[in-house]
Structures are given as structure tokens and as C-alpha cells.
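One letter stands for each residue in the lines below.
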Amino acid sequence: VLATEQGQVKRTSLIDYEVSRYTKAYKCINLKENDRLCAVSLMQADDALCFITREGFCNLYAGALLTSQGLKAGGVKGIALKGDDRLVSMHCFQPSKGQSIMLVGEYGGLKRIRTSDIPVTNRAVKGISVYKKTKTSPQLLIKSLFIQDDDPIIIGISDGSEEVITGSNYHDSHLDARLLPGLKLTDGRQVSYVLDGKASFASNLPAKQSNPIKEAP
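Along each chain, residues carry numbers from 1 onward, in the same order as the chain's sequence is written. Side-chain atom pairs in this predicted model are given and counted only at pLDDT of 80 or more, local residue features only at pLDDT of at least 70, and totals for whole chains, interfaces and linings cover all residues. The basis for every side-chain value is the complete set of non-hydrogen atoms in the structure, without hydrogens or water.

1. Things to note about the confidence of the model for the protein
- Averaged over every residue, the pLDDT of the protein is 88; residues scoring 70 or more account for 91%.
- Looking at any residue, its pLDDT shows the predictor's confidence there, from 0 to 100. Helix numbering and strand numbering both begin at the N terminus, where a helix is a DSSP run of H or I of at least 4 residues and a strand a DSSP run of E of at least 2. For the protein, strand β15 (residues 207-209) is the element with the lowest average pLDDT, namely 49, and strand β1 (residues 2-4) is the one with the highest, namely 97.
- Throughout, a residue-residue contact means that at least one pair of heavy atoms, one from each residue, lies within 4.5 Å. Note on residues 201-209: pLDDT is under 50 here. Beyond four places in sequence and across chains, it has 13 contacts.
- Per-residue pLDDT stays below 50 along residues 211-217; that stretch engages in 17 contacts with residues further than four places along the chain or on separate chains.

Below, the structure written as C-alpha cells:
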């Protein structure tokens, strides 16, 4: 399954990627103008899909709602975006398993939510808000990652430093709760990137363990 920043999603069979020439690149999705691919994931037949946008909206529905398309197709609308909002993450997961998602804001705000708390919606709708926004210090999301208690997340800061958080330092919060001030970035620093610590290559910079902040269950 492939997803783009403008909310397009496309399901393609893996067998369609078998090629006879390995020296030539093949297009896997037909992108619209100014759109970019932002997420790729393997999906099983009974998986659910979860889309999360920069402004904190989430759309969750069964992957079976997507029909398989060829490599040259442009996909279908996976989530309805309003204004300048864009997709930052897409997740494929087994809905029968209790799992958590970590939300990471542009100024270091963090929030862990349960997939079981997210209501199921239909494809191509706006979805529901997954955190309460404040007027005094609003934050947009940079990325979201599925996380278990021992999983590390590497967060890159605009000054070139990195910090590492683990899922065990954060409890699951209600959808209407705010982002926690997890990293407390000051002096104009912002989050530049977010990486899955289990799958990432070793960084050239030392990663600093952030102070745990827990939300009451």
C-alpha cells in the first residue's frame, strides 16, 4: 500500500513489482502535481489502515475497502484533507491486536494513543481529531509511529542533535487530551525528523535520552 501527502492511497499486488530488467527504475504510482509519496507498507488481507495528518486528523478503516490497482494508476482518495493539511503517516495493522501510536509534534509535543480508541470510519472522509489543540501554543504533527513499551523512537532536532524516547515512558491518553510537552524545545528549535529506532541505522550523532513524562491512565 502506498500513500501520498495529498491523501491518495493505492493498493498493489507484490507480484506486479516482479520485473525482467533490474537496471531500470519503474514507476509505482502516478502522482499529481506537487504531490509526494510519504508512506509505503505491506498489508495483509485482513489488515486495517490508519491515516494521520499534519493537523491531527485520523481516518481508520478496513484495508479490504481498497481494490488492487496496476503500477501506473494514481490510487484513490484515502482521506479527505482540508486547506493546507497533508498526510504525514499511514499504518497497516491487525485490528485484533491492541496497539499504540505515538504522535510527535513539531515543537516536541508527544502523545500515545490506543488504536482501539479510534472509531472506524469510511474511506475518503476527514476523520476525527486525535489530540486537543491549544490556542496559545498550537502544534502540527511531524509523524506518528506504532510503538510498544520497549520500542525506541529517534527524534532529530533542527540544531543537529537527536533524542531517543521509549514507549514505556508514556501511557496511552484519551483522544481529546493535549500533546504532552515531551521534549520542551526552546530557542526556536523544532523537530526535523522522526525515525523508528528498531529499523534505523546507527546515527553519527549521540542520542540523548529524554526525560520521561507520563500521563495518568
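2. Considerations on the packing of aromatic side chains
- Put simply, two rings from Phe, Tyr or Trp (the six-membered ring, in Trp's case) pair if the centres are within 6.5 Å, and we call them stacked under 30 degrees between planes, edge-to-face over 60, tilted for the rest. With the rule as written, the count across this model stands at two aromatic pairs.
- Here the aromatic rings of Phe 51 and Tyr 61 are separated by 5.5 Å at their centres, their planes lie at 25°, and the arrangement is stacked. Here Tyr 61 lies in strand β5 (residues 57-62) and Phe 51 lies in strand β4 (residues 48-53), a separation of ten residues in the sequence.
- Think of it in three bands: with a 1.4 Å probe and only protein chains considered, a residue is buried below 20% of the maximum accessible area for its type, exposed above 50%, and partly exposed in between. Residue Tyr 61 is classed as buried on the basis of its relative accessible area of 1%.

3. What to know about the nonpolar core
- Nonpolar core, defined: a set of buried Ala, Val, Leu, Ile, Met, Phe, Trp, Tyr and Cys residues in which side-chain atoms within 4.5 Å join the residues together. Membership of the largest hydrophobic core comes to 17 residues, with the highest contact counts inside it found for Cys 50, Ile 52, Ile 101, Leu 103, Ile 113, Ile 118 and Val 130.
- When residues of this core are traced back to their parent elements, those giving at least two are β4, β5, β7 (87-93), β8 (100-105) and β11 (141-147).
- By residue number, the principal contributor to this core is β4, which donates three residues.
- Discounting chain neighbours no more than four positions away, the residues touching Ile 52 are Phe 57, Cys 58, Leu 87, Val 88, Ser 89, His 91, Ile 101, Leu 103, Leu 141 and Ser 144.
- Counting 15 residues, the second largest nonpolar core, distinct from the first, contains Val 104, Ile 155, Leu 180 and Leu 185.

4. Section: the pattern of salt bridges
- In what follows, salt bridge is the name for a side-chain nitrogen of Lys or Arg lying within 4 Å of a carboxyl oxygen of Asp or Glu. Scanning all chains against the criterion turns up seven salt bridges.
- Here Arg 112 and Asp 172 are joined by a salt bridge, their closest N and O atoms 3.0 Å apart. Here the residue Arg 112 occupies a position in strand β9 (residues 110-114), and Asp 172 occupies one in the loop between β13 (162-166) and β14 (191-196), the gap between them amounting to 60 residues. The pair formed by Arg 112 and Asp 172 is uniform in burial state, with each residue classed as buried.
- Taken together, the shared-partner salt bridges in this structure form one network comprising Arg 112, Arg 114, Asp 117, Asp 149 and Asp 172.

5. Digging into a positive patch on the surface
- Here the term patch refers to residues with relative accessible area over 30% and no salt bridge, with like charges joined within 9 Å and nonpolar side chains (Val, Leu, Ile, Met, Phe, Trp, Tyr) within 5 Å. With residues, only the protein chains shown are counted as cover, and all accessible areas are computed by Shrake-Rupley using a 1.4 Å probe. Neither His nor the chain ends contribute to the count of charged residues, in which Lys and Arg are positive and Asp and Glu negative. Where a charge lies is defined by one atom per residue type: Lys uses NZ, Arg uses CZ, Asp uses CG and Glu uses CD. A surface patch of positive charge is lined by Lys 32, Lys 77, Lys 82, Lys 126 and Lys 133.
- When you line up the elements, Lys 126 lands in the loop between β9 and β10 (128-129).

6. Focus: the pairing of β9
- The element β9 is extensively covered by neighbouring structure, given that four of its five residues are classed as buried.
- Inspection of the sheet shows β8 paired to β9 by five bridges, in the antiparallel sense. Across the sheet, residue Ser 100 finds its bridge partner in β9, namely Arg 114. For two strands to be treated as a pair, DSSP must find at least two bridges joining them.

7. Focus on unusual backbone geometry
- Even without being a glycine, Asn 34 presents a positive backbone phi close to 65°.
- The residue Asn 34 is located in the loop between β2 (8-10) and β3 (37-40) in this model.
- Positioned with a positive phi, Asp 187 is a non-glycine residue whose angle comes to about 55°.
- Looking at where Asp 187 falls in the secondary structure, it is placed in the loop between β13 and β14.

8. Overview of the environment of Phe 146
- By the secondary structure assignment, Phe 146 is in strand β11.
- Residues Phe 146 and Met 102, spaced 44 residues apart in sequence, show a C-alpha to C-alpha distance of 6.3 Å.
- In contact with Phe 146, not counting residues within four places along its chain, are His 91, Phe 93, Gln 99, Ser 100, Ile 101 and Thr 115.

9. Observations concerning the side chain of Lys 111
- By the secondary structure assignment, Lys 111 is in strand β9.
- The buried charged residue Lys 111 lacks any salt bridge, with Asp 176 as its nearest oppositely charged partner at 6.0 Å.
- Only 2.7 Å separates the side chain of Lys 111 from the backbone oxygen of His 174, close enough to count as a polar contact.
- For Lys 111, the residues in contact, after removing those within four places along its chain, are Ile 101, Met 102, Leu 103, Val 130, Tyr 131, Ser 173, His 174, Leu 175, Asp 176, Ala 177, Arg 178 and Leu 179. Side-chain atoms alone can form a polar contact between residues adjacent in sequence; in general such a contact is a pair of N or O atoms within 3.5 Å, and within protein one must be able to donate a hydrogen while the other accepts it.

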